[in-house]
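Spelled out, the chains give:
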Amino acid sequence: MTKNNFIGKCITEMIKDGTTVRFNKRIYDSKHSYSYYLESPKEFVISYFNGEKEDDWFWDFIHEYSHYIQFKYEERKWKKYDKYCVAFSSFIEGERKTISPEIIRKVQEVEADGNAKAYELMRKHKIKINVDRYIQNNNLYIVCHAFMAKYKHFFFPNSIKALKLIPTYPLSMKEIEELANNKELEAIYKERLDIYIK
């Protein structure tokens, strides 16, 4: 299936299900420039930047669509994770003073399950993208939640050096925890974060 056919199929499904679907063209990188899926109210937003490659925002599309799938078919399981996601965001934004390892792990569990679902979707529909690179990027994103909490900044380092340390298959929670304790990976994260916030 082509990417465009897959996108069209997903958008049609979400709209029929009462989900608002928006594509936002952004100019500046900010806390408002992220793509996301909200379960209540049902809202699916893909933010992209002028000149951005289609693969980049398509990766966001399939990632957020996997969260839609989680709530459509497994709402009872994932609804209880909402409080952890809200707590994590509140901490990063400075509205909450502390965060526990349990909260970080619960957010990573949601993301890891979404990553596995996205992987299955790409295999099932034979979508022509670099699946290994997509999974590797998502793995890094999931692991980095521990660093985001430590450094209180929602930041994902798109770094070749970091990706070299990350497997190209969906990670188990044990593997995620091991990588979150990898000093070399954390050093790369901190280096890229320092460049980003200057």
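Here the structure is a predicted model, which means the values were calculated and not measured. (Residues numbered from 1 in each chain as written. Predicted model: local features only at pLDDT ≥ 70, side-chain atom pairs only at ≥ 80, totals over all residues. Heavy atoms only, no water.)

### What to know about helix H1 (residues 3-16)
Thinking step 1. Its 14 residues place the ends of H1 20 Å apart at the C-alpha level, agreeing with the 20 Å of an ideal helix rising 1.5 Å per residue.
Thinking step 2. Those residues of H1 that fall on the buried side of the exposure criterion are Lys3, Phe6, Ile7, Cys10, Ile11, Glu13 and Met14. In a view along the axis of H1, the buried residues occupy a sector of 165°, so they form one face of it. In this structure, H1 carries Asn4, Ile15 and Lys16 as exposed residues pointing more than 90 degrees from its buried face.
Thinking step 3. Of the residues one or two after H1, Gly18 is the one with positive phi, at around 85°. (Helix = DSSP H or I, 4+ residues; strand = E, 2+ residues; numbered from the N terminus. Expected span 1.5 Å × (residues − 1). Buried < 20%, exposed > 50% of the residue type's maximum accessible area, 1.4 Å probe, protein only. Arc of directions from axis to C-beta.)

### Notes on the pairing of strand S3 (residues 43-49)
Thinking step 1. Burial runs high along S3: 5 of the 7 residues are buried.
Thinking step 2. Looking at chain direction, strand S1 (residues 20-26) and S3 are connected through 7 bridges and run parallel. Residue pairing across strands places Arg22 opposite Val45, the latter belonging to S3.
Thinking step 3. Here strand S2 (residues 36-38) hands over to S3 after 4 residues, the two strands then running antiparallel side by side. (Pairing = 2+ DSSP bridges.)

### Focus on the packing of helix H5 (residues 131-151) against helix H7 (residues 173-180)
Thinking step 1. Running from N to C, H5 and H7 cross one another at 45°; their axes reach a closest spacing of 9 Å. Relative to H7, the element H5 lies oblique. H5 and H7 meet at a crossing whose hand is right-handed. Packed against H5, whose contacting residues are Ile142, Val143, Ala146 and Phe147, the element H7 presents Ile176, Leu179 and Ala180 at the interface.
Thinking step 2. When the residues that make up the contact of H5 with H7 are grouped by side-chain class, the tally is 7 nonpolar, no polar and no charged. (Axes fitted to C-alpha atoms, helices over the stretch in contact; angles between N-to-C directions. Parallel < 35°, antiparallel > 145°, perpendicular 65-115°, else oblique. Left-handed = near helix turned anticlockwise from the far one by under 90°. Contact = heavy atoms within 4.5 Å. Nonpolar A, V, L, I, M, F, W, Y, C, P; charged D, E, K, R; others polar.)

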